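Structure at a glance
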Amino acid sequence: MVAPLSASGTTFPTPRRPLDAAGSDPVRQWYEDELGWATSSGPEGARLCTGLGFDVLELPADAGFAMLRRLDPRSPVAVHGETMQLLVAAGSADELPGLLDWLEWGSLPLDLVALGAGAFIGAPTPPGWTGSQEAAVWVRPPEPGREGEPVLAALTTLTAVSAWSAVGGGGGAPDLVRLVDTAATHCHRARLRRATAAPTSQPLAFS
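Residues numbered from 1 in each chain as written. Predicted model: local features only at pLDDT ≥ 70, side-chain atom pairs only at ≥ 80, totals over all residues. Heavy atoms only, no water.

**Looking at the environment of Ala 183**
Where we set the bar: What counts as a helix is a DSSP run of H or I of at least four residues, what counts as a strand is a run of E of at least two, and both are numbered from the N terminus.
Mapped onto the elements of the fold, Ala 183 is located in helix α5 (residues 175–197). Through-space distance from the C-alpha of Ala 183 to that of Pro 60 is 9.8 Å; in sequence the pair is 123 residues apart.

Following this line, the structure appears as structure tokens:
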């Protein structure tokens, strides 16, 4: 960019873009520059804001890994400790309670939660980078350049949902319906496995 001239012919330096908060954090800068995602800073480092470009479904990692093969391979998936995070279309968090009820999972404890507008997740270490052991990591990373593609699970129309129900959960289901039903199934199975594997109470000792 050519520097502007004053009336006297003096050359002024080209104005620089204001240094924002992400400028000092390479992780935040990567997400904003490469993916266009909104970020913020937190006590533990960079965070990704949910409810804008995407929402997040969180479930226990053991349930998440059990269902990975059922997910669209393009869907971004991260793991943070014992929690798996599935990226879904923005607005999906608001649909989760109603979908669980409609799918007849609403009365069961599932350890399945959704993060939407106003929430955030810790930013996983960008693909190919080295991060701390405590940081979230991508199991299936997002791909720069595919932001405009419909790769995130979303609820389409009530007509499509009803059609999916009529054929017994066939292949025409909206992605979000299939995803929530699959996630709920594996969360329930994981809870049963953990309950079965839990050590039994020790017998009382009598003197």
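**Some details on the pattern of salt bridges**
The line we're drawing: Salt bridges are defined by distance alone: a side-chain nitrogen of Lys or Arg within 4 Å of a carboxyl oxygen of Asp or Glu. Relative accessibility thresholds used throughout: buried, under 20% of the residue-type maximum; exposed, over 50%; partly exposed, between the two (1.4 Å probe, protein chains only).
Scanning the model with the defined rule gives six salt bridges in all. In this structure, the salt-bridge partner of Arg 191 is Asp 111, at a minimum N-O distance of 3.0 Å. Of this pair, Arg 191 sits in helix α5 while Asp 111 is found in the loop between α3 (92–102) and β6 (113–115), placing the two residues 80 residues apart along the sequence. Here Asp 111 falls in the partly exposed class, since its relative accessible area comes to 38%. A salt bridge links Arg 194 to Asp 111; the nearest nitrogen and oxygen atoms lie 3.4 Å apart. Here Arg 194, found in helix α5, pairs with Asp 111, found in the loop between α3 and β6; they are 83 residues apart in sequence, far enough to count as distant. We classify Arg 194 as partly exposed; its relative accessible area is 35%. Among the charged side chains, a network of salt bridges with common partners joins Asp 62, Asp 111, Arg 191 and Arg 194.

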